[in-house]
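Observations on the model geometry
This is what each chain is made of:
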Amino acid sequence: MTATLAARHLGGRIVRDGPHCVTVKDTSIGTVKIVLDTALRKHGGNPLVDAGLDAARGLIPIEIVTEPLDHRGLMRLDAFREALRQAHATGTDDGALLGFGVHFNVEVIATDHPYTQNTVLAFALIEDWLRQLMPIDMTRRLMPFVNPWPRAFLQGLVEASPSPDFETVRTLYATHCNSRNHALDLLPIYKHADPATFDTLFPKQTNTKGRPAFHYRLPDCRIEDHTWSLAKEWQRWWIVEMLADTPDMLAVLCTAFAKRDPSLLDDRSAWADEVGERLDPTRQWLTL
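Residues numbered from 1 in each chain as written. Predicted model: local features only at pLDDT ≥ 70, side-chain atom pairs only at ≥ 80, totals over all residues. Heavy atoms only, no water.

Scanning the model with the defined rule gives 13 salt bridges in all. One salt bridge in this structure joins Arg85 and Glu82, with 2.7 Å as the shortest N-O distance. Within this pair, Arg85 and its partner Glu82 are both found in helix α3 (residues 71-86), separated by three residues, close to a single helical turn. Three or more residues are tied together by salt bridges with common partners; here these are Asp78, Arg81, Glu82 and Arg85. (Salt bridge = Lys/Arg side-chain N within 4 Å of Asp/Glu carboxyl O. Helix = DSSP H or I, 4+ residues; strand = E, 2+ residues; numbered from the N terminus.)

Structure, rendered in structure tokens:
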């Protein structure tokens, strides 16, 4: 049904790649892949596995994967998202155990570009505020897939400011994070930048695929909510990018964090409030 809706709203032709994977080719946003979101689908072809996946089809979420999109492409995908909602697609808010998410793979200028490092710093500084601004579903919070970055990572970034370099940020990430299960996953850009060093720093991350993009995993998929949209989630990421391009505000937040009482460093709510107070007067940040 999802593939049929995609072809109807985005154009293209449906190609079945297997019992649990369908591709819609030549759509208005390129190739769209629709798969069961489970690692077990890689073992398709095994009669026992296929039977289990067929039986659990109503419980396993469907993942929709697109090619890289520009702004116009994102708007077309958002319109398709609305078509899915009207067809009674289910999202995170539709059940207590439905921890569905949206992932953006945001292309970087270059893995070692200063703006890339400033984007990491910007996200680290305002992650708690972003979570407060649009709280994620309780089920996803209980799962390990979108853990917040550890405070020690942010502290290391602040100490390396105003311009943390690529090597410093990568070493800090390997020391304090070393996992894909964070709201912003940096492993793909490190794998892309230097596969040999990646294998040394992140020896357990054997399933990571290198690409010159941030893996932004924070947003919920609230497809059943008519007030929610992919555009709104993209705006939340856009705040990060705008802050990364505003050195004065980055410096203000770094100074504020450095001056905090060490006993309060783990008080994420208080820091989120402080970030909001410092960003709110400009209003340019609050576009959601």
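The tally for this structure, following the rule as stated, stands at 15 aromatic pairs. Relative to Tyr173, the ring of Trp149 has its centre 6.2 Å away and its plane inclined at 80°; by these criteria the two rings are edge-to-face. Here Trp149 is found in the loop between α5 (138-142) and α6 (151-159), whereas its partner Tyr173 is found in helix α7 (residues 166-176), with 24 residues between them in sequence. Exposure class is identical for Trp149 and Tyr173. Each is buried. Taken together, a centroid distance of 5.6 Å and an interplanar angle of 75° make the contact between Phe153 and Tyr173 edge-to-face. With Phe153 in helix α6 and Tyr173 in helix α7, this pair connects stretches of sequence that are 20 residues apart. (Phe/Tyr/Trp six-rings, centres within 6.5 Å; stacked < 30°, edge-to-face > 60°. Buried < 20%, exposed > 50% of the residue type's maximum accessible area, 1.4 Å probe, protein only.)

As summarised here, the arrangement of the three strands in space is β5-β7-β6, forming an open sheet in which the pairing is antiparallel. Each having just a single partner strand, β5 (104-107) and β6 (184-185) make up the two edges of the open sheet. Relative to strand β7 (residues 213-216), β6 runs antiparallel, the two being bridged by two bridges. Bridge pairing in β7 links Asp185 to His215. (Pairing = 2+ DSSP bridges.)

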